[in-house]
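A structural walkthrough
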Amino acid sequence: MVQGIANWSTEQSREWLQSYVDDWVSFYRKHTGEGSVAEYIPQLATADPDALGITIIGRNGIKVSSGDVDLPFTIQSISKVISFIVACMDRGVSYMLDRVDVEPTGEAFNSIMHLEMKQVRKPLNPFVNAGAITVTSTLEGKTSDEKMESIFALLEKLLGYRPALNIDVYESERDSSMRNRAIGYYLLETGFLESDMNTTLETYFKQCSIEITVQDLARIGLILANDGEDVETNEEIIPRPIARITKALMLTCGMYDASGKFATYVGIPAKSGVSGGIIGAVPPRVREEVLPFMEGCGIGVYGPALDDNGNSVSGIRLLRHIASQWDLSIF
């Protein structure tokens, strides 16, 4: 059946893919009970734990959406991808890699243990909180609103609209994130921060509270998969070297301390957030058989019930199944 899609029209292919994804979303929704929503940020605890949605957008224009795709949610740690890209575009890759490393930690995303015990000279990567807060401190601007402007500007180019800030989630994060404040004080003491600590943390909480949808994530993922170029306009939104470094970091560090397993069993650059979102960027690949999205695609997933690592339980299961069925792995 897979071989037959080579001679189908775009609409026939989309309908065929849609039927399969609908079935898979229905099946993996049953696994949401194995996880729980993030409760340490009170506003995130109000999410529906049974929600699950996915959007896949291919370079050939095919888009498949299934499940709870219309539910908005906050970007959370996926914002670390955007802030890192912005910082590299503004300051240069060499400048940023002098301030954050590119190594997986093996520790929880909100830990500073590796900084203290290993006496490293910089946070190990930009996707753990210590590294992300360091990156945020380098963004241009003296106030949090000025720093946020560069993030919103890039998102507007990527999405075609300016996303909103969820004030309720921002205030909930600001008032409850004692661990991130502790990380901020540690970074301040050790000289990692390049701007006022309170301004940096305020910006960090705001960037995590930007509200998006799975379609937004899929569109950003598609542009990253295409090395930073918009497939519709051929405009280079993200410089190719920055897009490639970002995808490498997503593959090795993007799924918290489950990144190794995700790379092994799913095999695509991805980044998760504790709201339950996952962004995936599938580059073009060469196979002997005809398979869906061989020219590459972007994937957005939302499933707020999380596992112990802070990743969407049903979302990861769904992605692993799709990657296996359609051989999406870059390896």
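Okay, so let's go over this structure. Along each chain, the written sequence defines residue order, and numbers are assigned to residues from 1. With the structure being a predicted model, the display of local features is reserved for residues of pLDDT at least 70 and the display and counting of side-chain atom pairs for 80 or more, all residues being used for whole-chain, interface and lining totals. The side-chain figures draw on all heavy atoms in the structure; neither hydrogens nor water molecules are used.

Note on aromatic contacts: the rings of Phe and Tyr and the six-membered ring of Trp form a pair at centre separations within 6.5 Å, being stacked when their planes are under 30 degrees apart, edge-to-face when over 60 apart, and tilted otherwise. For the coordinates displayed, the defined rule picks out 7 aromatic pairs. With a centroid separation of 5.4 Å and 55° between ring planes, the pair formed by tryptophan 24 and tryptophan 326 is classed as tilted. Of the two residues, tryptophan 24 sits in helix α1 (residues 10-28) while tryptophan 326 sits in helix α13 (residues 313-326), which places them 302 residues apart along the sequence. With respect to burial, tryptophan 24 and tryptophan 326 carry one shared label: buried. Measuring from ring centre to ring centre gives 5.8 Å for phenylalanine 293 and tryptophan 326, while their planes differ by 50°; the resulting arrangement is tilted. Residue phenylalanine 293 is located in the loop between β6 (277-282) and β7 (297-302), and its partner tryptophan 326 is located in helix α13; the two are separated by 33 residues in the primary sequence. Like phenylalanine 293, the residue tryptophan 326 is buried in the burial classification. Taken together, Trp16, Tyr20, Trp24, Phe293 and Trp326 form an aromatic cluster joined through their ring pairs. Any Lys NZ or Arg CZ that is within 6 Å of a ring centre and within 35 degrees of that ring's normal is treated as a charge sitting over the ring. Above the face of the tyrosine 170 ring, lysine 206 is positioned so that its terminal group lies 5.7 Å from the ring centre. The secondary structure listing takes helices from DSSP runs of H or I that are at least 4 residues long and strands from runs of E that are at least 2 residues long, numbered from the N terminus. Accessible area is worked out with a 1.4 Å probe on protein chains only. A residue is then buried under 20% of its type maximum, exposed over 50%, and partly exposed in between.

Once that is clear, we can look at the nonpolar core. Each nonpolar core is a collection of buried residues, namely Ala, Val, Leu, Ile, Met, Phe, Trp, Tyr and Cys, held together in the definition by side-chain atoms within 4.5 Å. With 42 residues, the main nonpolar core has Ile82, Leu158, Ile210, Ile220, Leu224 and Ile238 as its most contacted residues. Listed by contribution, the elements that provide at least two residues to this core are α2 (79-91), α6 (144-159), α10 (214-225), α11 (240-253) and β6. With sequence-adjacent residues up to four places away left out, isoleucine 210 is seen in contact with Phe73, Thr74, Ile75, Met148, Ile151, Phe152, Leu155, Pro163, Ala164 and Leu165. Val21, Val64, Ile268 and Ala270 belong to the second largest nonpolar core, which has 29 residues in total. Every residue pair with non-hydrogen atoms within 4.5 Å of one another is taken to be in contact.

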